[in-house]
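Given next are the chains, with one letter for each unit.
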Amino acid sequence: MFDGKFLEELKKRQEEWMETRVKKALSKAPERKKEFKTFSGIPVKPFYTPNDIKDLDYFSDIAFPGEYPYTSGIYPLMYRSRLYTMRQYTGWGTAEETNKRWKYLLAHGETGLSAAFDLPTQLGYDPDHPLAKGEVGKVGCSISNISEYELLYQDISMDKISVHLQVNATAPFIVAMHIAEADRRGVPRDRIWGACQNEILKEFVARGTFIYPVEHSMRLACDLMEFCVKQMPRWQPITVCQYHIQEAGADFVTAMGLSFANAISYVEAMLKRGLPIDSFAFNISVWNCVCAPEFFEVICGLRAARRLWARIMKDKFGARDPRSCMMRIFVGSGGLHLTRAEPLNNIIRITLSSLAAALAGVQAQNMQCYDEAFAIPTEESMRIALRTMQIVAYESGVTDVIDPLGGSYFVESLTNEIEKKLREIIQAVEDEGGAIEAIRKGWMQRLIAKQAYEQQKRIEEKDIIRVGENLFAVEREEKLESVFKVSPEVEEQVIERLEKFKASRDGKQVEETLAKLQKAAETGKNTMPYIIDAVKAKATLGEMCERLVQVFGRAEEMVVW
Amino acid sequence: MSERKIKVLIAKPGLDGHDRGAKVVATALKEAGMEVIYTGRFKKPDEIVSLALKEKVDLIGLSILSGTHMHWCREVMKKLREAGADIPVILGGIVLDDEIPVLKEELGIAEVFPPGSKLQDIVKRVEELAKR
């Protein structure tokens, strides 16, 4: 992008500047730190010039918004035509309580939904299962059957507002309930709008809600993906997760690299089913990332990820449809960098995260709440998080220009650097035999645990700063005016409803559909149509899950640390 | 003769999958010279207690981030009492301020470490409790 002669002149002058001014300044006062590096350990220079991006090619490395490789954004007008979707991860207690909170957020200008399910729902246990005791409704809402799903979605459109169902091991069952409810309402399947997480590989390496051994889990995830790409063009049947890998301990760049390795495994599994790349790539190129803790690393990291994914889809997988190369990004601000000390300060941290995400051109945002280190959010803390995204979007002006930081010598240089690192991590996973093999061996888990420990040491050594917690900390009792508590009656209430539901159904029909589901699982057929039939016949989540456990067995955790 | 190493069991009861804290604390205790067993996820209270007895640990550390700590702590303490075992139990996780006195005084949890706790403080407290 720059003339050779100019670059030479610049290099000469920069050296002079270093020799004279910088040296003199250093002799008077040293720099604040021995070394400056990003959260992920990438060294940062004091100043960047065109020489740091001398090999950058505008058309092939940045390009116009909406054009390959999408570094500056995936759509030609980005936020000038449509702002990022604001969808808050929401759910607790009963379906009705969650439905009420969803409506509250929509009334305050939320533009999409994101569903949180409790752990029994995520792990395939009905609320009356002994292992569900104490867990019902705690970190999300309890959904064990189609009647609960109807209550969850009461008076909410399934085609005019999009939802993100944050569920993995039990995604096939929950999405089947979503489809069954849409069928009941007469919403055509090709109109159903939304997404699900269905990202089982990261459950094995980071988050822990897995049920079946990894190869069977992959098969179910792919059954769901294949079913959806064929029948539901407005549904994104997987969300590849950088988010949970970072929250489990990896740094931003490592987490992104590992998520790419996982994504490549999903693409390969779909290709193995005989599906042409361009028939599914667009629908599955969706990511969930953390937009914290560091401002520029997030912005450059997301730009680099977008560009690298486009290149992988084109160069490695031969995608021809430009849409196959468009990585769509849904961010969350993450909970790890939020402090329990002086919790209101978290609002400021979250604002920076939302701003970084807006500058990085993401498609959707979910901001954590300031009371994250205490409990699930109150109505007020949730509203403030939503307002934060709205203020960034409507008041700051940053959404009026696309990729406003593009072209900055530093931003482009760090974007390049991160792309290089991501390629190295992807290669390292390939050297281990690919993502599934690296997970089986515990390689990914070990790497994440090691980085988690290193990060904690960095916090305690004040290499990572948390104002009010490890810097300028003052002894005081942390108190919040109100903290959310889930009502203890929820468990009893949903168990009672489940009993009534079971009494209302035709037991023979339930058994027939479950037997067919089991047969489909045994014979390698796509399980989705059978799960939908079982849901409609009023089989419960726990019953369906257990049937598949009989076929696939349960996964044993590989305890690595 | 060298002193016997402190032996600690770090356990995750219930369905919560968030194991970052458990692993980080386990590593810190190990680096401080202790012998550490980490159970992995999804452990039932009786599994935790019988493992603790079998391994003759000096302390049990529970890690829970799903808001179910009151339930699981109560269950683990009950099983310990039933087994007649007097092993100190500590808890790490997302705990409300007003729950801490209940956990300590009513349930008998020896110490609670909410988010933001320092590893050096955890190590120190574990050493004190284990040697009691």
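Below or above, wherever it landed, is the structure these notes cover. (Residues numbered from 1 in each chain as written. Chains lettered and ligands numbered in written order. Predicted model: local features only at pLDDT ≥ 70, side-chain atom pairs only at ≥ 80, totals over all residues. Heavy atoms only, no water.)

With respect to the sheet that holds strand β2 (residues 35-38) of chain B
Residues and elements named next belong to chain B. What counts here: A strand pair is defined by DSSP finding two or more bridges across the two strands. Numbering of helices and strands runs from the N terminus, with a helix taken as a DSSP run of H or I at least four residues long and a strand as a DSSP run of E at least two residues long. Interaxial angle, 0 to 180 degrees, is taken between N-to-C directions of lines fitted to C-alpha atoms, where a helix line uses only the stretch in contact. Here a residue-residue contact requires only that any non-hydrogen atoms of the pair lie within 4.5 Å.
One open sheet holds the 5 strands; their spatial order is β2-β1-β3-β4-β5, and the pairing between them is parallel. Strand pairing shows two members of the sheet lacking a second neighbour, β2 and β5 (111-113), which therefore form its edges. Pairwise comparison of adjacent strand axes, ignoring direction, gives a mean angle of 20° for this sheet. As paired elements, strand β4 (residues 89-93) and β5 share 3 bridges and run parallel to each other. Bridge pairing in β5 links leucine 91 to valine 112. Against the sheet, helix α3 (residues 69-82) touches β3 (59-64) and β4, its axis set at about 155° to β3.

Examining the sheet that holds strand β1 (residues 85-86) of chain A
Residues and elements named next belong to chain A. The parallel open sheet is built from 5 strands, whose spatial order is β1-β10-β9-β8-β7. Edge positions in the open sheet fall to β1 and β7 (240-241), since each of these has one partner strand only. Judged from the 2 bridges that link them, β1 and strand β10 (residues 364-366) form a sheet pairing that is parallel. Across the sheet, residue threonine 85 finds its bridge partner in β10, namely alanine 364.

Focus: the packing of helix α8 (residues 214-231) of chain A against helix α10 (residues 252-272) of chain A
All names here are of chain A. Stated formally: With respect to orientation, any angle under 35 degrees is reported as roughly parallel, any angle over 145 as roughly antiparallel, any angle of 65 to 115 as roughly perpendicular, and every other angle as oblique. It is the rotation of the near helix from the far one that decides the hand of a crossing: anticlockwise by less than a right angle makes it left-handed, clockwise makes it right-handed. The residue classification treats Ala, Val, Leu, Ile, Met, Phe, Trp, Tyr, Cys and Pro as nonpolar and Asp, Glu, Lys and Arg as charged. All others, Gly included, are polar.
Orientation of α8 relative to α10, taken along the N-to-C sense of each, is 70°, at an axis distance of 10 Å. It follows that α8 is roughly perpendicular to α10 by the angle criterion. By crossing handedness, the relation of α8 to α10 is classed as right-handed. Counted together, Met218, Cys222, Met225, Glu226 and Val229 of α8 and Ser265, Tyr266, Ala269 and Met270 of α10 form the full contact between these two elements. The residue inventory of the contact of α8 with α10, partitioned by class, reads 7 nonpolar, 1 polar and 1 charged.

Quick word on the pairing of β2(B)
All names here are of chain B. Filter applied, for reference: Three exposure classes are used, based on accessible area relative to the maximum for each residue type with a 1.4 Å probe and protein chains only: buried under 20%, partly exposed in between, and exposed over 50%. Seen with its strands pointing away from the viewer, a crossover is right-handed when the path leading from the first strand over the helix to the second is clockwise.
Burial along β2 is one-sided: Val36 and Tyr38 are buried, and none of Glu35 and Ile37, which face the opposite way, are. In the sheet, strand β1 (residues 7-11) pairs with β2 via 4 bridges, with the strands oriented parallel. Pairing of lysine 7 across the sheet is with glutamate 35, part of β2. Where the polypeptide runs from β1 across helix α1 (residues 20-31) and back to β2, its parallel neighbour, the crossover connection is right-handed.

Focus on the nonpolar core
We apply this condition: Buried residues of nine kinds, namely Ala, Val, Leu, Ile, Met, Phe, Trp, Tyr and Cys, make up a nonpolar core once their side-chain atoms join them within 4.5 Å. The domain limits used here are those given by an automatic or database domain assignment.
Ranked by size, the top nonpolar core spans 161 residues in total, and within it Tyr149(A), Leu165(A), Phe260(A), Leu302(A), Trp309(A) and Met544(A) carry the most contacts. Top element by residues in this core is α10(A). It accounts for 13 residues. For this core, the two domains that each supply at least three residues are domain 2 (32-87 + 236-475) and domain 3 (90-161 + 163-233 + 505-552) of chain A. Excluding residues that lie within four positions of it along the chain, Phe260(A) makes contacts with Trp287(A), Ala305(A), Leu308(A), Trp309(A), Ile312(A), Met327(A) and Ile426(A). Grouped together as the second largest cluster of nonpolar side chains are 25 residues, Ile64(B), Met70(B), Met77(B) and Leu91(B) included.

Points about the pairing of β4(B)
Residue and element names in this part refer to chain B. Within β4, 4 of the 5 residues are buried, which leaves the element mostly enclosed by the surrounding structure. The sheet contact formed by β3 and β4 spans 5 bridges and is parallel. Across the sheet, residue isoleucine 64 finds its bridge partner in β4, namely glycine 93. Traced from β3 through α3 to β4, the parallel crossover comes out right-handed. Note that the unit made of β4, helix α4 (residues 99-106) and β5 has a crossover that is right-handed.

Let's talk about the environment of Ser142(A)
All names here are of chain A. Summarising the element assignment, serine 142 is placed in the loop between α4 (119-123) and α5 (146-152). For serine 142, a relative accessible area of 3% translates into the label buried. C-alpha of serine 142 to C-alpha of alanine 250: the two residues are 108 residues apart in sequence and 30 Å apart in space. Each residue touching serine 142, except ones within four places of it in the same chain, is listed here: Gly93, Asp118, Thr121, Pro127, Val136, Gly137, Glu148 and Val494.

Don't take any of this as a statement about function, it's just geometry.
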